[in-house]
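Fold and contact review
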Amino acid sequence: MMFRFVNSEKLFHMRDHSDIEPSNIQQAQLVTDFVSAQLFLSKYGWAENVMWEDTNTKDNEHLQDIHPMEEATANSGKRSPEPTKNPHFIEALKKFQKLNNLKVTGRLDDATITAMNRPRCGVPDNQVLKNIQERPSKTENMSKTNSTKITNQVDGAPKKRSKRFLDQIMFLDKYKKEQEAPRGKVFSKKLLKWRMIGEGYSSQLSVTEQRYVFRIAFRMWSEVMPLDFEEDNTSPLSQVDIKLGFGRGRHLGCSREFDGSGQEFAHAWFLGDIHFDDDEHFTAPSNDNGISLLKVAVHEIGHVLGLSHIHRTGSIMQPNYIPQESGFELDWSDRKAIQNLYGSCEGPFDTVFDFVRKERNQYGETTVRYNTYFFRNGWYWMYENRNNRTRYGDPITISSGWHGIPAEKIDAFVHVWTWTKDIYYFFKGTLYWRYDTENDKAFSEDSQGKTYPRLISQGFPGIPGPIDAAYFDRRTQRIYFFKDSQVFAFDVNRNHAVPNFPKKIVDVFPAVARNNHPGTNLDAAYYSYSHKALFLFKGKHFWRAVSDQDRQTNPALPLNALFPQQAISEQWFDICNVHSSLLKL
Ligand SMILES: [Ca+2]
Ligand SMILES: [Ca+2]
Ligand SMILES: [Zn+2]
Ligand SMILES: [Zn+2]
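Residues numbered from 1 in each chain as written. Chains lettered and ligands numbered in written order. Predicted model: local features only at pLDDT ≥ 70, side-chain atom pairs only at ≥ 80, totals over all residues.

The protein appears in an unreviewed UniProt entry as Matrix metalloproteinase-21 from Eleutherodactylus coqui. UniProt lists a comment for the protein under the heading Subcellular location (unreviewed entry), and it reads "Secreted". (UniProt positions renumbered as here; feature names shortened; annotations may be inferred.)

**Details of the confidence of the model for the protein**
Residues with a pLDDT of 70 or more make up 79% of the protein, whose mean pLDDT is 81. Of the regions scoring below 50 in pLDDT, residues 57-80 engages in 36 contacts with residues more than four places distant in sequence or in other chains. Between residues 129-185, whose pLDDT stays under 50, and residues either more than four places distant or in other chains, the model counts 85 contacts. (pLDDT = per-residue confidence, 0-100. Contact = placed C-beta atoms within 7 Å.)

**With respect to the UniProt feature "binding site: Ca(2+) 1" (unreviewed entry) in the protein**
Using the residue numbers shown here, the UniProt feature "binding site: Ca(2+) 1" (unreviewed entry) corresponds to Asp278 and Glu280. On the secondary structure map, Asp278 appears in the loop between strand E6 (274-277) and strand E7 (282-283). Asp278 sits in the buried class, given 28 other C-beta atoms within 10 Å. With respect to the helices and strands, the residue Glu280 is situated in the loop between E6 and E7. The exposure class of Glu280 is buried, given the 27 C-beta atoms found within 10 Å. Discounting residues that sit within four places of it in the chain, Glu280 has contacts with Ser261, Phe265 and Ile291. (Helix = DSSP H or I, 4+ residues; strand = E, 2+ residues; numbered from the N terminus. Buried ≥ 20, exposed ≤ 12 C-beta atoms within 10 Å, placed from the backbone.)

**Describing unusual backbone geometry**
Residues Gly347 and Pro348 are joined by a peptide bond in cis, for which omega reads 0°. Mapping Pro348 onto the fold places it in the loop between helix H12 (332-342) and strand E9 (351-360). Omega for the bond connecting Tyr452 with Pro453 falls within 30 degrees of zero, at 0°, which places this linkage in the cis form. Looking at the element boundaries, Pro453 is found in the loop between strand E17 (441-442) and strand E18 (454-455). Even without glycine at this site, Lys409 takes up a positive phi of about 50°. Along the chain, Lys409 falls in the loop between helix H13 (398-401) and strand E14 (412-417). The residue Asn500 is not glycine, and still its phi comes out positive at about 70°.

**Some words on the nonpolar core**
Core analysis: the biggest nonpolar cluster contains 110 residues, and Ala470, Phe481, Phe482, Ala525 and Phe537 have the highest contact counts within it. Each of domain 1 (2-342) and domain 2 (351-582) gives at least three residues to this core. Discounting chain neighbours no more than four positions away, the residues touching Phe482 are Ile467, Asp468, Ala469, Ala470, Val487, Ile505, Leu522 and Ala525. Formed by 14 residues, the second largest nonpolar core is a distinct cluster that contains Tyr44, Ala92, Leu93 and Leu108. (Core = buried A, V, L, I, M, F, W, Y, C linked by C-beta atoms within 7 Å. Domains from an automatic or database assignment.)

Here it is as structure tokens:
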């Protein structure tokens, strides 16, 4: 505790120039009675929806004139001296109780007071959503339509601000950004830049720790949505999309005042900036005391990206801070909410395969295990079929997980798996590598004295490299190599190309539905042990081949015929790039 005090005092002045009087850590005022409860309800949008976006930029010019109490009630209309008899207050109270899973009494009971005094985010729970009638189904939990707010408002153009503030405040470009955002979307660019502003560092964590936490927080969103986030500490501030900073009380030229230790811990602006209350005891992810800065940062980034509060157990977008084990992840509801705004991550992939290996279990029995991998450029994801998601923390670089093969753009992987053979190959360009699973690296020389990499034409006579895709068919004991519009077959037992090949892909793998076929230049051919089926990948789509099982139910289907295309993102969820600045954490 002492440590905190000393540090915050030391950094106070350089951190926040807009503070007039330095102050020691203050305790936030708790909700105790009807008056403070009413303040709470109006501040967080329960009495009346709050125009949250407008409280930021427009009010900045009055920053030093507004008394905090006035500001908090400014949106709530008249203030009744006897809220208990005010039906508006009782309605708001009931609404709050219902969504917070409390007994709906309409009275300010102890449980309700306790709920109001829990640490929470400063973004109101109920905001004004323009166009809410236009799209009632989708606006329920989201501020999706906020992006069109400014353009739809006659008088909504940015108000003239005093020059004095133009240089100071951090949110100048917010209106511009909103106007640029297309209808129904939020951020229109794919790469967002973020920065910790110099005067806004936390007094409690080291700069390295803070930046590390924010990098993870951005990365967690990036892992489930198509946007990339890049830390940018050099461009002019106006080119930085999301600025993060800590402050106490009146802070960082913001219109909202922080309330001291307790209650509000942070707030964020749609398509804008994030402020953390430096009077809170924020901690790094490894520490379980205090408030996890990572959890709060992930939540606030959610607001910046366009999400409102989601009153749902497990969601990171719940308004209250809920302490839990350090290894938290985004909930299904968070993923779906953000993908509703930005779409889901899509292909293409360089190669996709199940990596099958034999292992001995504790009873000495041989078991066969496999993992599914997706490769793209220099990265790979492990896919958990059982959970239908990628492993937490993926992607990682190919070079860190697969040693001795090219670091990027692998053309194909093949596992030759017969009674006598158990061999793993990677292909790129005209060359191929053999992978040593025991030592987890590519062979430079195998037990037969063959050195690697080798020419494909040398190891697979009759097969010209480079190839687009390949897979091993266990039924026919052939490798099928795909190149342009053709498919080659290679007999692994006789070690030669099968006569009468190459053939046209469309002849060996005909379309079930006319003209619904990848045709040429496949990305990947993937036999999935989870689905017991072959998939051909191209771009954002895949075509599943007719399996033995399919033919049992419908014998008229030709074997290996291709069912109509489907989106890869509908079968394998959230295989998302992250920006290279976030790859190595
Ligand atoms: Ca606070
Ligand atoms: Ca490929
Ligand atoms: Zn929030
Ligand atoms: Zn602020």
